[in-house]
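Residue-level listing of the chains:
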Amino acid sequence: MSKTKIANQKYPLKTFDTIPMLKPHTPLLDGVDSPDDLKKMSTAQLQQLADELREFLLYTTGVSGGHFGSNLGVVELTIALHYVFNSPKDQIVWDVGHQAYPHKILTGRRDKLTTIRSQHGLTAFPERHESEYDTFGVGHSSTAISAGLGMSLAMRYLGKHDKVVSIVGDGAMTGGMAFEAMNDAVQQNADLIVVLNDNDMSISQATGGFSKHLATLWQRGLAVDIDKNGDAIFTKRVISSEDRRIRHYLHMANEALDDWTSRLPNKIVEKLAEKGIPKPSQLETLPEKIANKLIDEVFPENLFKAIGFQYFGPFDGHDVAKLAQVFERVKQLKGAVLVHVHTVKGKGFLPAECDPITYHAITKLKKINPAQEKSVPVDSQKPVPTPAKKYSQVFGEFICDKAATDKQLMAITPAMAEGSGMTEFAKRFSSQFFDVAIAEQHAVTLAGGMATQGVKPIVAIYSTFLQRGYDQLIHDVALQNLDVMFAIDRAGLVGEDGATHAGVFDIAFMRTVPNMVIACPKDENECYNLLNTCYEHIGPSAVRYPRGNGIGAEIDKNQAMYPIGKAALEQTIDATGADTSNVAKKVAVLAFGTMVKTAVTACQNLAETYPTTTFFVYNMRFVKPLDSELIDTLLAQNCSIVTLEEHQVMGGAGSAVNEYLVAQAAKTSQALPTLLNIGIPDKYIAHGSPEQQLADCGLDVAGVVKQMQTILS
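A quick note: this is a predicted structure, and the numbers were derived from the prediction, not measured.

Reading the values: the criteria
- Residues numbered from 1 in each chain as written.
- Predicted model: local features only at pLDDT ≥ 70, side-chain atom pairs only at ≥ 80, totals over all residues.
- Heavy atoms only, no water.
- Buried < 20%, exposed > 50% of the residue type's maximum accessible area, 1.4 Å probe, protein only.
- Helix = DSSP H or I, 4+ residues; strand = E, 2+ residues; numbered from the N terminus.
- Pairing = 2+ DSSP bridges.
- Right-handed = clockwise from strand over helix to strand, strands pointing away.
- Expected span 1.5 Å × (residues − 1).
- Contact = heavy atoms within 4.5 Å.
- Salt bridge = Lys/Arg side-chain N within 4 Å of Asp/Glu carboxyl O.

Next up on the list: the pairing of strand E8 (residues 336-342). Among the 7 residues that make up E8, 7 are buried, leaving the element largely enclosed by the rest of the structure. Summarising the sheet, strand E4 (residues 192-198) and E8 pair through 7 bridges and their orientation is parallel. Residue pairing across strands places Leu 192 opposite Ala 336, the latter belonging to E8. Looking at chain direction, strand E7 (residues 310-316) and E8 are connected through 5 bridges and run parallel. Its bridge partner being in E8, Asp 316 is matched across the sheet by His 342. The handedness of the E7 to E8 crossover, carried by helix H13 (residues 320-330), is right-handed.

Structure (structure tokens):
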């Protein structure tokens, strides 16, 4: 079927309420090995393909785990994009990329999708080395418009005439980088199509003035469509009472459906008054010139038009035929164009539509063998072990406990309230909670501004996202020695999310900043109490802790204060239990954070092989300031020194120890000790399970033993 004659007939979407455990029957999808196969299909087949693709997504995500609701919400959008545009010559750029599973399926990776996020399998995000259809590596938010603009300008310089399409969520649009790129796109008069995938969500519910603006545009029941000549036309839209945006954001629209004619010029109002002021539903009967005038006058505050973009929408993001028609017409236009589509996160899977936050991502579903299940007796008397708390849960408990007695505590998150463990705090202490949307730079400087007024801000942020606020950490907080604490979640390797989300650079970029205090807890109890220690400290500080569960340590909530910059001897280990003052060799392992437990186990294993060596495992607790007295003592005793951290070796805690040792040895004319730094090598660690990643880096027990043997033999 000619794509310029796509019918407007709608087909009912298929919905699901369970995740299939067996591969579904998908005859159309099985024939799609590249986007070229889509172009042979009719409109009816496109909708059938959408149903099959959605069911296949349910099945494969159940097998592999991974991002869920966002992918279900872009099925029709992805099909329409690949149906109309000529990828990979036309460049399709996904922002963040957690919604790119349908894109991977339609671009030759269907049969590999069950390997996604697994070691040696597909990555969780678009990655250039994986496919020529992945035009730009992503994982962080708000980058697609900048990348797409760069592609467009380079293609113009090279004399190419292919299209560039950047798909950006409404959550990602709250990042300042997106608006910087849009501003420049207009300045450069670039040919760039931006598709705003508006679903009210990032991971959490969308917040802020921009979300209010989108709610207003949607709730008016009006749209700017595009005709076959590429001209804007004014149309009405039907709004369902079940629309989630209506339910969640009616209060944000400022009664946008009321008398919008109050914003029109008097001449227009007088002209309309001759027939009576029309309601939105009557607009299509107006004379064309007046209707077109209303496009500019009814939406005078349309942010995208104000910047200089040609604006079309909002459109139903689940009407694949309409989307294909719009894209076919829009691709003929020159200049900066924005197509606004409204989608539902979790579309087609009823539990995810009802609870998009919980279903943002899911874990692998366990396969149950019915025969085996019947044959295994259930011991009802056997207690079910309680899982260890997640570190984000420990943080959430701390801020709630602290805020109960300290009204100066202010908690800030850049759109990661659920992931950072802050939902309970947000409910109980709403006046002290600030979700600033995906705006890490703003979050850090906001905290600095708060600190000038005598309150104590805590910025709860993932390590990988703090990279985006580094200038603000230096210039707006540390340089002024402002009293701000950073609670840094996902420090270290992060498993299946891979290199884009790994928190392996924060020690290196923070320890060079004057005035900073950096703490690394070994377990849940230390996490709670180091949070308290750094909270009570006056000045900039950071507590970094890993993703996932702790080791099950009991938490003492008496809010202990650790001496800043002081380590603790965790354990002395030797095979014989003899007097350690006369042993042949002494090895001090300076372990940072959760590597303390690994260090103890590794030294216990080594002690059996090296009976004349005594191992001293120190829990360092702080990267900055280091326990210089301890290091001076080890230097004087001629101990071999091993540093162990789940962070890049280059620039990390071990590097800090090296720098101090070299300086002290030069001062005291002492020989440098045997020294070994164990950590993450100078490479990006591919996705896999946490255990696989640690083994890949030599940071599991076996890997640490092997590396330590090089200085013991």
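Compared with an ideal rise of 1.5 Å per residue, which puts 16 residues at 22 Å, helix H25 (residues 653-668) spans 23 Å between its outermost C-alpha atoms and is within 8% of the ideal. What H25 keeps buried is the set Ala 653, Gly 654, Ser 655, Ala 656, Val 657, Asn 658, Leu 661, Gln 664 and Ala 665. Buried-residue contacts for H25 involve helix H21 (506-511), strand E17 (585-591), strand E19 (622-624), helix H24 (628-636), strand E20 (640-648) and strand E21 (675-680). Phi for Ser 669, located one or two positions after H25, is positive at around 60°.

With that settled, the discussion passes to the environment of Ala 478. With respect to the helices and strands, the residue Ala 478 is situated in helix H20 (residues 470-478). The class for Ala 478 is buried, based on a relative accessible area of 2%. The spacing of Ala 478 and Pro 514 is 36 residues in sequence and 6.8 Å in space, taken between C-alpha atoms. Ignoring sequence-local partners within four residues, the contact set of Ala 478 consists of Leu 473, Val 513, Pro 514, Asn 515 and Pro 540.

A separate point is the pattern of salt bridges. If you walk through the whole model with that rule in mind, you get 28 salt bridges. One salt bridge connects Lys 566 with Glu 629, and the closest N-O pair in it is separated by 3.2 Å. Placement of the pair is Lys 566 in the loop between strand E15 (541-544) and strand E16 (568-573) and Glu 629 in helix H24, with a sequence separation of 63 residues. Lys 566 sits in the partly exposed class, given a relative accessible area of 29%. Overall, the relative accessible area of 52% leaves Glu 629 in the exposed class. For the salt bridge of Asp 696 with Lys 683, the shortest nitrogen-to-oxygen distance reads 3.9 Å.

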